[in-house]
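This is what each chain is made of:
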Amino acid sequence: MAEKRKKLLQGNEACVEGALYAGCMFYAGYPITPSTEIAEGLSVRLPQRGGKFIQMEDEIASIAAAIGGSMTGLKSLTATSGPGFSLKQEGLGYACIAEIPLVIVNVMRGGPSTGYPTGPSQSDIMQAKWGTHGDHPAIAVTPAYVQEILSETVRAFNLSEKYRTPVIVLYDEILGHMREPITIPDAGELPVVDRAKPTCPPEEYFPYDEKYEVPPLAPFGTGYRYHVTGLNHKKDGFPTNDSKQIRENNMRIMNKIENHKDEIWKNEEKFLDDAKIAVVTIGSTARSANFAVRVAREQGIKAGLLRPLTVWPFPDKAVKELSKRVRAIIVPELNLGQMVLEVERCAGGACAVEGIHRVDGEPINPAQILEVIKKYA
Amino acid sequence: MATIKELAKKDELLSGGHRLCAGCGIPPIVRIILRSANGPVVASSATGCLEVGTTIYPYTAWRIPWIHSAFENSAATISGVETAYRALKKRGRIPADKDIKFVAFGGDGGTYDIGLQSLSGALERRHNFLYVCYDNGAYMNTGIQRSSATPLFSNTTTSQAGEVIQGKQEWRKDLTRIVVAHNVPFAAQCSPHNWADLSKKAEKALAVKGPTFLNVMSPCPLGWYTKSEDSIKLAKLSVDTCYWPLYEVENGVMKVTYKPKEKKPLAEWLKPQGRFKHLFKPENANLLSAFQARVDSEWQRLIDLDGKQVY
């Protein structure tokens, strides 16, 4: 039995396994390279477990349908890549303000626009935070291994259910299409969180009750009647022009994430205890960084790695603390400088910060990172 | 109308050496249409097989001005282009009497689904252009996912035929009727096997002022699981079985432009295609007959409208 749980899977296939493990019962999506295997896999697997797969007519409809699916109480997923992620931004903002749990996978490819559909990129890091208009909370998780795509997809669902908010799973084309042997966890091995449902009688229910940090969400069709809107609303869900209520609701949806960053953050640290040079990076680039740091250590250079698995909210605390005890932080990323801005902000001049950037559709290789590590050795 | 000899003498505006698959229906469709334009042509393409297959850097197969912008907006892009040319004429940068044709291309995904809003807008604004949909019945460029043009019961990677579900469960969207409902001066369905019919319709469409539309059956060996050399034969069978009727609506009048002398059973078109393999299992005989019945009723509906004013 245990043997059978070992599988050689592509990243996107592992995402399917993660979604199923988390209890996903609804998927709405649209074909787009390099994420389509997620839709293909779920089109077969969801109906087998009584779930629903819908291929929609475009990306906008896909996120709208996933929001609708979630409102009926089903854990819902949609997956896409850059151009589709751009189109989904309006729906993403709606899910933020209406506080609808939802997981959105963005398998990043080169951009802007159609860009490089079959090439890797990490250029949607800022879009994951700032892509939709208005102030809003953002949670984005960033796996770096096929096994981790499974577990981080589960964690994304958990965070989404717990905080009643959309959560983004960000990984790049390399990871989406890379095959690695992974173990499908047994039931109970990973925590699975379900959203809180109201226990009060329907007439006493308020979907945006300010007495809660995260109000319970009643699935549609269970006798709880309430209004859902993208307009600023009061506790019963109906639109309001009252400035006090607008402010309170806006602050609550920000603070429900802001006040729990410690629980949402997740970092992997390697050789950081005595490190003088740190590399901070995510996803497939972290694999190169891992190799570079090990080679540096073999050469007697005190290098270490900080790998955020939660890129939003940005791991301010870990980076701030790190910047005070290292000479330099190196930030390799497959874009022209996004995460490096956050690292600079957190470091606040306490150490040198240098980015390594690449946008030619090729990965950043360990030698490139090692070269910059040596510069600060 | 030009004879095939005359057509062959015209310049080839989509060159050889492109990367579209052997047996793909798209190149003959594009070539026949471009040869049917008597005068300079400007084209746009939606994201899709035609776009990626003809423009891989540093080459282009297009011998005319050509633009690609995104997936959902071939019709919107050509709207802008056509408007720009009008502005240039107004300013005297282009001779006012120069008759330039505008053609927007898109696959069924980029036209029936994500591009429908853009197409509808351009038709309603009455831009002077021809929209050509090459309909191969799925998202072939991303790996054969179902579209709203995918035939009933077709096996695709997101409508897989298994033990319980037998491929796509929905009847295809009738896009040509949707376009006709925009009161366009000319809209038609065509197939590349009947070059004379396709060329004649393209010539008509391009001669008319205002928005026009051609929906063209485009065989796809990759997505249909067929042999490359059978593509044109299969295009013909789609018409002879009346799955894909050839008709036109000109100034609101319906005309069925080809009526097979002997209507072939639908199974003759379906059987050679791997995407319909499951329909030939004995237990699926009822599905096959249901499919045939629907094709029959659609064909009858069309025949009943033949020669009539439909809007």
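Here the structure is a predicted model, which means the values were calculated and not measured.

What counts, and at which threshold
- Residues numbered from 1 in each chain as written.
- Chains lettered and ligands numbered in written order.
- Predicted model: local features only at pLDDT ≥ 70, side-chain atom pairs only at ≥ 80, totals over all residues.
- Heavy atoms only, no water.
- Salt bridge = Lys/Arg side-chain N within 4 Å of Asp/Glu carboxyl O.
- Buried < 20%, exposed > 50% of the residue type's maximum accessible area, 1.4 Å probe, protein only.
- Pairing = 2+ DSSP bridges.
- Helix = DSSP H or I, 4+ residues; strand = E, 2+ residues; numbered from the N terminus.
- Axes fitted to C-alpha atoms, helices over the stretch in contact; angles between N-to-C directions.
- Contact = heavy atoms within 4.5 Å.
- Domains from an automatic or database assignment.
- Disulfide = S-S within 2.5 Å.
- 1 Å grid on protein atoms, 1.4 Å probe; cavity = no way out; pocket = protein on both sides within 12 Å on 5 of 7 lines; lining within 4 Å.
- Points joined across faces, edges and corners; volume = space filled by probe spheres on them.
- Right-handed = clockwise from strand over helix to strand, strands pointing away.

It is worth spelling out the pattern of salt bridges at this point. Within the structure shown, the criterion is met by 41 salt bridges over all chains. One salt bridge in this structure joins Asp360(A) and Arg358(A), with 3.0 Å as the shortest N-O distance. Under the relative-accessibility criterion, Asp360(A) is labelled partly exposed at 43%. Of the charged contacts in the structure, one is a salt bridge between Asp306(B) and Lys259(B), with a shortest N-O distance of 2.6 Å.

Take the sheet that holds strand 7 (residues 247–250) of chain B next. All names here are of chain B. Here eight strands make up an open sheet; going across it, the order is 2-1-3-4-6-5-7-8 and the pairing mixed. At either margin of the open sheet sits one strand with a lone partner, and together these are strand 2 (66–68) and strand 8 (253–256). Taking each pair of neighbouring strands and ignoring which way they run, the sheet shows an average axis angle of 15°. Direction of pairing for strand 1 (residues 41–45) relative to strand 2: parallel, over a ladder of three bridges. Its bridge partner being in strand 2, Ser 45 is matched across the sheet by His 68. Packing against the sheet, helix 12 (residues 285–305) makes contact with strand 7 and strand 8, and its axis sits at approximately 125° to strand 8.

Now for the domain arrangement of chain A. All names here are of chain A. Each assigned domain of chain A is listed here: domain 1 (5–184) and domain 2 (268–375). A C-alpha centroid distance of 26 Å is found between domain 1 and domain 2. Every contact between the two is made by 28 residues of domain 1 and, on the other side, 22 residues of domain 2. Viewed at the interface, domain 2 and domain 1 are joined by two salt bridges.

So, about the state of the cysteines. In the structure shown here, the tally under the stated rule is zero disulfides over all chains. We note that Cys15(A) lacks a disulfide partner, and the nearest cysteine sulfur, in Cys24(A), lies 9.1 Å from it. Under the relative-accessibility criterion, Cys15(A) is labelled buried at 0%. Residue Cys49(B) stays outside any disulfide, its sulfur separated by 6.4 Å from that of Cys220(B), the closest cysteine.

What follows covers the layout of surface pockets. The space that makes up the largest pocket amounts to roughly 830 Å³. Forming the boundary of the largest pocket are 39 residues, of which Thr114(A), Pro117(A), Thr47(B), Glu51(B) and Asn141(B) lie nearest the centre. Put simply, the parts of the chain that give the lining of the largest pocket at least two residues each are helix 4 (82–87) and strand 6 (116–120) of chain A together with helix 3 (49–54) and helix 5 (108–113) of chain B. The dominant element in the lining of the largest pocket, judged by the number of residues it contributes, is helix 4 of chain A, at four residues.

This part is about unusual backbone geometry. In this structure, Pro34(A) follows Thr33(A) across a cis peptide bond, with omega equal to 0°. The omega angle of the peptide bond from Gly111(A) to Pro112(A) is 0°, so this bond is cis rather than trans. Locating Pro112(A) in the fold gives a position in the loop between strand 5 (102–110) and strand 6. Phi at Arg126(B) is positive, roughly 60°, even though this residue is not glycine.

What follows deals with the pairing of strand 2 (residues 24–29) of chain A. All names here are of chain A. Most of strand 2 sits inside the fold, with five of its six residues counted as buried. Where strand 2 lies against strand 4 (residues 75–80), three bridges are found, and the strand directions are parallel. Note that in strand 4 the partner of Tyr 27 across the bridge is Leu 77. The sheet contact formed by strand 2 and strand 3 (residues 52–55) spans four bridges and is parallel. Counterpart to Gly 29 in the pairing with strand 3 is Gln 55. With respect to chirality, the unit in which strand 2 leads through helix 2 (residues 36–48) into the neighbouring parallel strand 3 is right-handed.

Let's shift gears to the sheet that holds strand 10 (residues 267–270) of chain A. Residue and element names in this part refer to chain A. Spatially, 10-12-11-14-15 is the arrangement adopted by the five strands of the open sheet, whose pairing is mixed. Each edge of the sheet is formed by a strand with only one pairing partner; in this case those strands are strand 10 and strand 15 (352–357). Strand after strand, the sheet turns through a mean of 20° between neighbouring axes, direction not considered. Of the strand pairs in this sheet, strand 11 (residues 277–280) and strand 14 (residues 328–333) are connected by three bridges, and their pairing is parallel. Paired with Ala 278 across the two strands is Ile 329, which belongs to strand 14.

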